[in-house]
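Breakdown of the fold
Single-letter residue listing:
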Amino acid sequence: MTTTRKNIGELLDTKEMVDTLSKMIAIKAISPKSGGAGEMERAQFLRSILERWGFEVKEYDYTDSDGVKRPNLVVKYGDNDRTLWLVPHMDTVAAGDLEAWKTDPFTATIRDGKIYGRGSMDDGQSLVSALYALRALKDSGSNPPINFGLAIVADEELGSVYGIEKLVEEKGLFSSSDMFMVPDWSTSDGSKVEVAEKSVLWLKFTFEGKQVHASTPDDGVNALRVAIKFFYRLDNLLHEKYSARDPIFEPSVSTFEMTKHEKNVDSVNIVPGKEVFYLDSRILPCYDINQVLRDIEEFSKSPEFSPAKITIDIEEKNAAPQATPVSAEIVKLLRGTVKEYRGFELKPVGIGGGTCATFFRRKGFPTAVWFTGDDVAHQPNEYASIENMVNDAKVFLGLFRQK
Ligand SMILES: [Zn+2]
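As the structure is a computational prediction, the values presented were derived from the model and not from experiment.

With that settled, consider the domain arrangement of the protein. Partitioning the protein into structural domains gives domain 1 (8-196 + 321-398) and domain 2 (199-245 + 255-318). Between the C-alpha centres of domain 1 and domain 2 there is a distance of 40 Å.

Let us look at the coordination of the zinc ion. Around the zinc ion, the protein supplies His89 (NE2), Asp122 (OD), Asp184 (OD) and Asp184 (OD) as donor atoms, at distances of 1.9 to 2.7 Å. Viewed at the metal, the four donor atoms of the zinc ion are separated by angles of 51 to 147°, and the geometry they form is irregular. Considered as a linear motif, the donors of the zinc ion on their single chain read H-x32-D-x61-D. Here the residue Asp122 occupies a position in helix H3 (residues 120-140), and Asp184 occupies one in the loop between strand S7 (179-182) and strand S8 (192-197), the gap between them amounting to 62 residues. Its relative accessible area of 12% is what places Asp184 among the buried residues.

All chains considered together, the criterion is met by one cavity of 30 Å³ or more. The volume enclosed by the largest cavity comes to roughly 30 Å³. Considering the residues around the largest cavity, the lining is formed by Ser31, Ser34, Asp91, Thr92, Val93, Glu157 and Leu158. Looking at the lining of the largest cavity, its residues break down into two nonpolar, three polar and two charged.

Here we take up H3. The buried fraction of H3 amounts to 18 of the 21 residues, a majority that puts the element mostly inside the structure. Trailing H3 by a residue or two, Gly141 shows a phi angle of about 75°, which is positive.

Moving on, we come to the packing of helix H1 (residues 14-26) against helix H9 (residues 386-398). Contact pair H1 / H9: the axes reach a minimum separation of 11 Å and the direction vectors enclose 115°. Classified by the angle their axes make, H1 and H9 are roughly perpendicular. Helix-helix and strand crossings are classified by hand; for H1 and H9 the assignment is right-handed. Residue-level inspection shows Thr14, Met17, Val18 and Leu21 of H1 in contact with H9, the latter providing Ile386, Met389, Val390 and Ala393.

Now for the pattern of salt bridges. Considering all chains together, one arrives at 24 salt bridges under this definition. The residue Asp266 makes a salt bridge to Lys263 at a minimum N-O spacing of 2.5 Å. By relative accessible area, Asp266 is classed as exposed at 68%. Between Asp280 and Arg282 there is a salt bridge whose closest N-O contact spans 2.9 Å. Since its relative accessible area comes to 16%, Asp280 is described here as buried. Here the salt bridges do not stand alone but share partners, grouping Glu39, Asp64, Arg70 and Asp155 into one network.

Here the structure, examined in full by the defined rule, presents 23 aromatic pairs. Residues Phe231 and Phe277 carry aromatic rings whose centres are separated by 5.3 Å and whose planes lie at 55° to one another, so their mutual orientation is tilted. Pair noted here: Phe231 is in helix H5 (residues 223-241) and Phe277 is in strand S13 (residues 274-283), with a separation of 46 residues, a long-range link. Summarising the burial analysis for this pair, Phe231 and Phe277 share the class buried. These aromatic residues form a ring-pair network of at least three members: Phe205, Phe207, Phe230, Phe231, Phe277, Phe299 and Phe305. Between the NZ or CZ atom of Lys28 and the centre of the ring of Phe106, over which it lies, the distance is 4.5 Å. Between the NZ or CZ atom of Lys138 and the centre of the ring of Phe55, over which it lies, the distance is 5.4 Å.

What counts, and at which threshold
- Residues numbered from 1 in each chain as written.
- Predicted model: local features only at pLDDT ≥ 70, side-chain atom pairs only at ≥ 80, totals over all residues.
- Heavy atoms only, no water.
- Domains from an automatic or database assignment.
- Donors = N, O, S within 2.8 Å, 3.2 Å for Na, K, Ca; no water.
- Tetrahedral: all angles 85-135°; square planar, octahedral: opposite > 155°, others 65-115°.
- Helix = DSSP H or I, 4+ residues; strand = E, 2+ residues; numbered from the N terminus.
- Buried < 20%, exposed > 50% of the residue type's maximum accessible area, 1.4 Å probe, protein only.
- 1 Å grid on protein atoms, 1.4 Å probe; cavity = no way out; pocket = protein on both sides within 12 Å on 5 of 7 lines; lining within 4 Å.
- Points joined across faces, edges and corners; volume = space filled by probe spheres on them.
- Nonpolar A, V, L, I, M, F, W, Y, C, P; charged D, E, K, R; others polar.
- Axes fitted to C-alpha atoms, helices over the stretch in contact; angles between N-to-C directions.
- Parallel < 35°, antiparallel > 145°, perpendicular 65-115°, else oblique.
- Left-handed = near helix turned anticlockwise from the far one by under 90°.
- Contact = heavy atoms within 4.5 Å.
- Salt bridge = Lys/Arg side-chain N within 4 Å of Asp/Glu carboxyl O.
- Phe/Tyr/Trp six-rings, centres within 6.5 Å; stacked < 30°, edge-to-face > 60°.
- Lys NZ or Arg CZ within 6 Å of the ring centre and 35° of its normal.

Structure, rendered in structure tokens:
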């Protein structure tokens, strides 16, 4: 039997999908770094489902710095040379402020077509969509034109160190001829596919002057005045020099934003001798992030800020990986499938960054990031929409249909 648009939905059991996500929510999968026990119990739950359905599951465990084994599950279905991988993550963040939750974050509550609970949307919804698409493909009995690869990874929320970062290095697992999809960034209507990321540079600036009474400013060095002058000029310099636009990104330019400011003096009559400011930069991939950093360092040495001392510390520095071209096969395939099953055109966009796709793109593997859902990740009262979960599963399944 070949799956057609008409019968594809019949292969998905909504009730069972809801039941699986609900059970998953009840099994916490929080990083030891966030006070949890890791993903092992949830991984074994998922593994037992896959094995019950007749799939062979490979498990890659990586021991973290707390001595906890962090499991990653891999399943491959089909006997082709190439594989299309779906890569959801199984870990979740902690519940956060319990007062802000209307329901118990670890007891799934179903209301108005939504499943409430921690990790329901990030990334449980896509995980279940992918899981049931895989099963439906097997049940359909059709021979897919490309293997269905499912890699359910650990540790995504805290940097993927014991998840995809290690898994991409496993010999013979992923190949450059494979295709990759990370269902871990969404829009409410599912109308955008993420194909590119900006580089991220977070800097901390410490301005040291000399604290004095405000009535005798000439005896001191006002660190706040230096900081204001510095940022006013730096802001212009960066925006002028790094002014390129790339319409795929939202926003289309590099952004340089002064954000956090640490508390300085306690009184209105004290000239501050020390100021600490932070700058959040999201830089278009056409620029070398190290050049931006060199420019900022060079500028800080300008004699006009003397005798104040300016120190720059790097809080975060991540060069954007190669963007996935809009013409990449995975992007075309996804766009075609969404058009066919959902009836709309997917818009390729670039964002600030930060999914498992980064690690595939660093390897030069084109990767599409997509699913459908409101942006409620990491928030109290996080929910997944049952309709989105089922509709996305149809699209995932549609990616493997015979042409
Ligand atoms: Zn996520």
